[in-house]
Every structure is written in structure tokens, then in C-alpha cells.
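Spelled out, the chains give:
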Amino acid sequence: MGEVATYLCTGCPLGCRLEVEVVEEDVVEVRGFACRRGERYGRQEHLDPRRSVTTTVWIEGAVIPRVPVRSAEEVPKDRIGDVVGALRGLRVQAPVHRGDVVLEDAAGTGIDVIVTRDLARVGAAPEHAPGA
Ligand code: SF4
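Residues numbered from 1 in each chain as written. Predicted model: local features only at pLDDT ≥ 70, side-chain atom pairs only at ≥ 80, totals over all residues.

Observations regarding helix α1 (residues 36–47)
Then step 1. Taking 1.5 Å as the rise per residue, α1 with 12 residues should run 16 Å; its terminal C-alpha atoms sit 17 Å apart, in good agreement.
Then step 2. Residues of α1 that are buried: Gly-38, Glu-39, Tyr-41, Gly-42 and Glu-45. Taken end-on, α1 shows its buried residues confined to a sector of 165°, consistent with a single buried face. Structural note: α1 exposes Arg-36 and Leu-47 on the side pointing more than 90 degrees away from its buried face.
Then step 3. Considering only its buried residues, α1 is in contact with β1 (3–8), β2 (17–23) and β3 (26–31). (Helix = DSSP H or I, 4+ residues; strand = E, 2+ residues; numbered from the N terminus. Expected span 1.5 Å × (residues − 1). Buried ≥ 20, exposed ≤ 12 C-beta atoms within 10 Å, placed from the backbone. Arc of directions from axis to C-beta. Contact = placed C-beta atoms within 7 Å.)

Now the structure itself:
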């Protein structure tokens, strides 16, 4: 028997306790999952843990000073600090739309960072005004 690492599956509120058996850095078995998603999660969490990065960046010309953003994909856990660092001090210009890329290839991870809400430019006419 190899070493056993334990993780809590975050795939759904059930929160299954996963046991990941490892021999010479290879995952040989995942136990404790109630569905296949948990098996994949246990393997991924042990070999290459990743998380979504969510934060805010400065925006100029909008009604609020910062706009929420997130990574378009999950970022390797050990690169999260680099991605957050790359966003520090970034300023975007209103208007922005959900899904707009504010930073491509953040910190060389190959992962873009996108806006998660629309923000109009202050004083600009609505984009879809009735009768326009
Ligand atoms: S293994 Fe499946 S049922 Fe259990 S917490 Fe993960 S997603 Fe939910």
C-alpha cells in the first residue's frame, strides 16, 4: 500500500471525503467518491491542484472604481499569486462587457482574465435605448 492523502471533494454540497493512494508520485487509486466527478477531482487535486482566481481591478469612467474579474480557466495553485500580482495596478476603461478580456496570458500561464459584469461609461447614452 502506498501513501494516502485525503481531500474534501468540492464538486457538490455532499462533500465526500476522498482518499487518494499514491505510489512513487503516481495516483494508483481514489476512494470515497460517490460519483465519477469525485474520482477526477481527487486525482487532479493531488497531481495538479487548480483554483479559479476572482478579484477586482481598477476601472476608469464607470460609476464604481473597481470591476470584478475572474480567470477564464482554473489556475495552477502555485501560480495564483503571480496572476493576482499581474492584475495589481491594472486599469481598464469603461465601458466593459461581461466576458471582455482584461489581461491575456496572465503571468505567462496561458490563461486570460475576463470581466464578470457589464459597466457602462458614465454619461454615455444607453447602448440599447428604446427607439434608437
Ligand atoms: S464525489 Fe460526487 S457526490 Fe461526492 S462531493 Fe464530489 S461531486 Fe459530490
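There's plenty left to go through after this.
Here we look at the sheet that holds strand β8 (residues 91–93)
Then step 1. Spatially, β8-β5-β6-β10-β9 is the arrangement adopted by the five strands of the open sheet, whose pairing is mixed. The sheet is open, and its two borders are formed by β8 and β9 (101–103), each paired with just one other strand. Ignoring strand direction, the axes of neighbouring strands in this sheet form an average angle of 45°.
Then step 2. When strand β5 (residues 54–60) meets β8, the two strands line up parallel, connected through three bridges. For Ile-59, the partnering residue across the bridge sits in β8 and is Val-92. (Pairing = 2+ DSSP bridges. Axes fitted to C-alpha atoms, helices over the stretch in contact; angles between N-to-C directions.)

With respect to the domain arrangement of the chain
Then step 1. Looking at the chain, the domain boundaries give domain 1 (3–48) and domain 2 (54–115).
Then step 2. Spacing between the C-alpha centres of domain 1 and domain 2 amounts to 30 Å. (Domains from an automatic or database assignment.)

Notes on the site of the ligand
Then step 1. As a matter of local geometry, the ligand sits amid Cys-9, Gly-11, Cys-12, Leu-14, Gly-15, Cys-16, Phe-33, Ala-34, Cys-35, Arg-37 and Gly-38.
Then step 2. Of the residues contributing to the shell around the ligand, the split by class is seven nonpolar, three polar and one charged. (Near = placed C-beta within 6 Å. Nonpolar A, V, L, I, M, F, W, Y, C, P; charged D, E, K, R; others polar.)

Section: the environment of Tyr-7
Then step 1. Relative to the helices and strands, Tyr-7 is located in strand β1.
Then step 2. Each C-alpha atom of the pair Tyr-7 and Asp-105 lies 30 Å from the other, and the pair is 98 residues apart in sequence.
Then step 3. The contacts of Tyr-7, once residues within four sequence positions are left out, are Leu-18, Val-20, Gly-42 and Glu-45.

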